[in-house]
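Secondary and tertiary structure notes
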2 protein chains.
Amino acid sequence: MKKEELKKLIDTAAGRTPADVVIKNCKVVNVFSGKIVEGDIAISGGQIAGIGEYEGKEVVDAGGCYAAPGFIDSHIHIESSYVSPEEIGRLLVPHGGTTIIADPHEIVNVCGIKGLDYMMEAAKGTALDVKYVLPSCVPATPFEHAGAVINAPEMEEPIQREGILGLGEFMNFPGIINADDSVLDKLMTAKEEGKIIDGHGPGITGKELSAYTCAGILADHECSTVEEMEDRLERGLYILLRQGSACHNLKPLLKGVTSENSRRCLLCSDDRQPKTILHEGHLDNHLRICVEEGLDAVTAIRMATLNAAECFGLKDRGAIAPGYRADIVLLKDLKNFDVDKVWIEGELVAENSVYLPEIRPYDISSVKGSVIVKDFSKEKFKMNLKSNKVNVIQILPGGVVTAKETAEIKLDENGEFMRDPQVDLVKTAVVERHQGTGNVACGFLKGYGIKEGAVALSIAHDSHNIIVVGVSDEEMEFAVNALIEQEGGIVLVKNGEVIERMPMPIAGLMSDQSGEWVDEKLTAIHEKAFSELGICGDVEPVMTLCFMSLAVIPEVKLTDMGLFDVTTFSFIPVEAEV
Amino acid sequence: MKKEELKKLIDTAAGRTPADVVIKNCKVVNVFSGKIVEGDIAISGGQIAGIGEYEGKEVVDAGGCYAAPGFIDSHIHIESSYVSPEEIGRLLVPHGGTTIIADPHEIVNVCGIKGLDYMMEAAKGTALDVKYVLPSCVPATPFEHAGAVINAPEMEEPIQREGILGLGEFMNFPGIINADDSVLDKLMTAKEEGKIIDGHGPGITGKELSAYTCAGILADHECSTVEEMEDRLERGLYILLRQGSACHNLKPLLKGVTSENSRRCLLCSDDRQPKTILHEGHLDNHLRICVEEGLDAVTAIRMATLNAAECFGLKDRGAIAPGYRADIVLLKDLKNFDVDKVWIEGELVAENSVYLPEIRPYDISSVKGSVIVKDFSKEKFKMNLKSNKVNVIQILPGGVVTAKETAEIKLDENGEFMRDPQVDLVKTAVVERHQGTGNVACGFLKGYGIKEGAVALSIAHDSHNIIVVGVSDEEMEFAVNALIEQEGGIVLVKNGEVIERMPMPIAGLMSDQSGEWVDEKLTAIHEKAFSELGICGDVEPVMTLCFMSLAVIPEVKLTDMGLFDVTTFSFIPVEAEV
């Protein structure tokens, strides 16, 4: 804030200068007192000058709505919405989102710091205030090839940037608990700059949880039970109650929120697809659930505002009070939380569910062309197996955790897999797409249900190599080539033709189209996956495949380096008996 | 924290390395969950590694005591205790004080930034963690001569120092409300460095309060009613519930503390004399009062710990949890709050009310010799009055606020005051002692009750010139000369002899002796003031005089520049009719 702005703000508050905007006829939610107070909200520039009786150059009648501070999503991956930062702003703001803490973990795994640069620049094209954290685990594991390796030396420059709050979710919790040297170096990089370190510690308990917390971890969004929540909360971690497209932890965790501990509780999405945003909303949806589950509305609003601001040190926001940022959400009631209007830094940015500012799309050329595959052909899918008893990845309900099973398959004379149409078992492969290693690893997938064609994606957590599954090497090859040609995204192939596709030119992870377009495309992809390729109705065809390469989630996964047993943290041969 | 310390901390938390110290057999107050939990506290270096079952190189049996986080006094002037920073540590730590936010407003008014330097260096000699704020109003008003003038340019260097949290209580609230240019410059200096601005805003309401808050004011310790507290709280100011030697706001304000707003409430002393500390304690006394008044003990402890840490951005303290500073207070119960042992940064620093570390007194030569008076003699007390009807300062109960009254006095042929022993009206004078201006201003004081001799002090808020009162110009002259000779402090004179004295070589504000010595001396001074000089029993002879020069508290005061009417903010003649 400049001196002249401060002067104008004080003059406005004192009533000597008319406000730029006055919001009249509203009930202000005061997160400090817990009370709802009637009064005009006077705005000067980007700040709130005062609440009381004020006159302004522009007067907005709030029609008796409640005025709450703008909502802060404490942890979200923009990439998981398959849209650009500009577009996520257009989608979230009409739902009351005014600030997000975004972890660009996916794009940085593909593009390195260049991916972060793009995300930071692109976010300038939206009114939504996007604060970033620097991904802490790139690559997520040493058992795969990603597009970048970011250790402490590579962190030094970006961690100092304004707008980078600190390190993103520290998924390598074993590394912290064991005090690995390279992990300590990363932690020190953040500490020395006075930056935060966000957490990700599912399932850790007791002394290991204390060791993890000791490292300076600020928060955890991975709780799924009240017990886990309490264990973390009493150690000083803020708890992010997550309600995403895939993970629905909010309802169970709300049972653990008390008047004693609620100040340490926040709300987050983590991953939120356009469909969820368009149909259910954003934090307005979280708040609806909170109140449905019996939480007091002001306490719920605090979790979406003041608590998040305190947790992340965003001292300028989180409340409607003099001197705070004019990030304001008008709500028709405190039950359905229907959003009427939204201001960000004093600008009216949404009205009647419509995002108002002009969208300034940022040039994506720096993150295009990310699908770099060397020497690929279907020959890479040859497995030359020595045994017909093989380890297979068994898809489980939910589509993230898998079971390690064995199966007997038919082999031809060269030791190649001969698919039996009566058995739901197909070949899957991961094709390295970053460093031109030429790596292709093959394995078997059970329970996906595909009966025709092939599916290929360039979204495969966390290294985002190409993952492909299909009924024949030919269909799989065709799908991979089509994906390479369109620079990533999703392709569905049947009988040597692309029957549906979604190009994702932004790092092979995000579309440059609208959220509505992405949603329609995904719907079409899902429908054709079921109707044309025969994929099981209870499997989410895209998301399930996305997680088949994630080598930190049990029980067995496939990376570009081979079949990986997450329970023993080691590669295993495809043959179950050698 | 260094990398090897972090490694050791994590190793200790995980149970791989024995703790340096384990506190066993204690009930840990968890400020996050609000629960009391049983468990060992494992300490590694200066941090808490974990709570649970731990082994250590040294084991301390807590004997079933409660373990609370170390207490944080959110606002205190060390100078008001008349002792050095090293000594205040010795006095406060055995009462559970582990951090104080100290505002060296008095010494900086006398010595300028050199005074701050001394306070910061001297504080290194105590285990107590003294965080300073930079005095914001030096001089407090333009109507007096202080030892320094500190405007925005002079603030630039010190505000950047580590250990300086920001600007101290911004007493010039009219300057903020009016958006005075030089005030805005000061505010910008703090804002540009991301530092806090502490508040001081008694009596402000409505739009003026919003204007004051808008400036970025963090907290206020000047509330005396629940209404004032609520007005500030809903505008986002933290509320410091004050219980000092003079101001007792805690009890009335506790009625305003609710489960909704308690996270924004803190505890502070402001001014606390050795007698109060030695006989009543420090924040342990505040906590006792909180619980007596019906506040839940954990909520009260939060006000003295976590809330204060959050308010001032001290992220490393305020809780007993992994990774937090090992600032721990063992309490015999949660009712009397008797302190058994205290650790600061992992070191046992107090036991059985005794401060344990060696005290390292810091060289005071940089702040000695602060009493610089030019061309002083009793001739300066001559008033040459043209009228016998004069404006007088009427002392009121409490001794801070005064009434402006008029009186008829006897004058000799030269227009000089002839004291009537039957009337409680005496001459008082302020002698400039910083810049060698030679300024001496005279006035009349009613209600002090002095019948013999004179009293002179070099403590006279906020510029700390010499203030003297006495029954004759000769006694007053003798007192001033004696005070100059001893480099400040307090002197009592009777019949041309010093009958009691307390030298204050540190800036004329603080003794270099122990708190016990100061307390004994003050007791002797009070006794002799009453018994030998005949001062009224209901007037605090030292403190009352200290405030007779404070030109921001109504109704009429005397500075080195003359008699000042605080209600009109202008100088007035001594003669009521000219």
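What counts and what doesn't
- Every residue gets a number counted from 1 within its own chain, in the order that chain's sequence is written.
- Labels are handed out in written order, letters beginning with A for the chains and numbers beginning with 1 for the ligands.
- Where local features are concerned, this predicted model is filtered to residues with pLDDT of at least 70; where side-chain atom pairs are given and counted, the filter is 80 or more; whole-chain, interface and lining totals use all residues.
- Note that the side-chain values use all heavy atoms of the structure and ignore hydrogens as well as water.
- Counting from the N terminus, the helices are DSSP H or I runs at least four residues long and the strands are E runs at least two residues long.
- Relative accessibility decides the category of a residue: with a 1.4 Å probe and only protein chains considered, values under 20% of the type maximum give buried, values over 50% give exposed, and everything between is partly exposed.
- Pairing of N or O atoms within 3.5 Å defines a polar contact, subject to two protein rules: one partner must be a possible hydrogen donor and the other a possible acceptor, and residues neighboring in sequence count only if both atoms are side-chain atoms.
- Any two residues whose heavy atoms approach within 4.5 Å are treated as being in contact.
- For two strands to pair, DSSP has to find at least two bridges joining them.
- Each axis is a line fitted through C-alpha atoms, taken for helices only over the stretch in contact, and angles between the N-to-C directions span 0 to 180 degrees.
- Each copy is superposed on the other by least squares, with the fit set by C-alpha atoms of residues at a pLDDT of at least 70 in both.
- Summed over both partners, the accessible area (1.4 Å probe) lost when two parts come together is defined as the buried area.
- Whenever Lys or Arg places a side-chain nitrogen within 4 Å of a carboxyl oxygen from Asp or Glu, that contact is recorded as a salt bridge.
- The cut-offs work like this: below 35 degrees is roughly parallel, past 145 is roughly antiparallel, 65 to 115 is roughly perpendicular, and the gaps in between are oblique.
- Handedness of each helix crossing follows the sense of rotation of the near helix against the far helix: counterclockwise by less than a right angle gives left-handed, clockwise gives right-handed.
- The nonpolar class holds Ala, Val, Leu, Ile, Met, Phe, Trp, Tyr, Cys and Pro. Asp, Glu, Lys and Arg form the charged class, and all remaining residues, Gly among them, are polar.

1. Remarks on the side chain of Ser511(B)
Residues and elements named next belong to chain B.
- Within the secondary structure layout, serine 511 lies in the loop between strand 29 (497-503) and helix 16 (515-531).
- A relative accessible area of 0% means that serine 511 is categorised as buried.
- Among the polar contacts made by the side chain of serine 511, one reaches the main-chain amide nitrogen of glutamine 513 at a distance of 2.8 Å.
- Contact partners of serine 511, with chain neighbours within four places excluded, come to Tyr82, Val83, Ser84, Pro503, Met504, Pro505, Ile506, Trp517 and Val518.

2. Side note on the sheet that holds strand 14 (residues 238-242) of chain A
Residues and elements named next belong to chain A.
- On the basis of which strands lie adjacent, the open sheet formed by 3 strands has the order 13-14-15 and parallel pairing. Two strands close off the open sheet at either side, each with one partner strand: strand 13 (219-220) and strand 15 (265-268).
- On top of the sheet, helix 9 (residues 226-233) reaches strand 13, strand 14 and strand 15; it is set at about 155° to strand 14, its chief contact.
- Most of the contacts of helix 12 (residues 283-292) go to strand 15, to which it runs at about 130°, and overall it touches strand 14 and strand 15.

3. As for the sheet that holds strand 7 (residues 66-69) of chain B
All names here are of chain B.
- As summarised here, the arrangement of the 7 strands in space is 3-2-7-16-17-18-19, forming an open sheet in which the pairing is mixed. The open sheet has two edge strands, strand 3 (36-38) and strand 19 (354-355), and neither has a second partner.
- Relative to strand 17 (residues 339-344), strand 16 (residues 328-331) runs antiparallel, the two being bridged by 4 bridges. Within strand 17, the residue paired with leucine 330 across the bridge is lysine 341.

4. A look at the relation of the copies chain B and chain A
- Least-squares fitting of chain B to chain A yields an RMSD of 0.1 Å, with the superposition described by an axial translation of 0.0 Å and a rotation of 180°. Taken together, the turn and the small shift mark the pair as related by a two-fold rotation axis. Residues of chain B ranked by C-alpha distance from the rotation axis are headed by Ser259(B), positioned 3.7 Å from it.
- In this assembly the copies share their binding face: 100% of the residues contributing to the interface of chain B also contribute to that of chain A.

5. Observations concerning the interface of chain B and chain A
- Across the boundary between the two partners, chain B contributes 57 residues, which contact 57 residues of chain A.
- Here chain B packs against chain A, burying approximately 4,600 Å² in sum over the two surfaces, 55% of which is carbon and sulfur.
- Where chain B touches chain A, the interface holds 12 salt bridges.
- Note that Arg263(A) and Glu310(B) form a salt bridge whose closest N and O atoms lie 3.2 Å from each other.
- Summed over the shared surface of chain B and chain A, the number is 18 residue pairs in polar contact (both at pLDDT 80 or more).

6. Things to note about the packing of helix 1 (residues 3-14) of chain A against helix 8 (residues 206-214) of chain B
- Interaxial distance between helix 1 of chain A and helix 8 of chain B falls to 7 Å at its minimum, and their mutual angle equals 160°. Regarding the angle of helix 1 of chain A to helix 8 of chain B, the classification is roughly antiparallel. Note on packing geometry: the crossing formed by helix 1 of chain A with helix 8 of chain B is right-handed. Of the residues in helix 8 of chain B, those touching helix 1 of chain A at Leu6(A), Leu9(A), Ile10(A), Ala13(A) and Ala14(A) are Lys207(B), Ser210(B), Ala211(B) and Cys214(B).
- Among the residues forming the contact of helix 1 of chain A with helix 8 of chain B, the class breakdown is 7 nonpolar, 1 polar and 1 charged.

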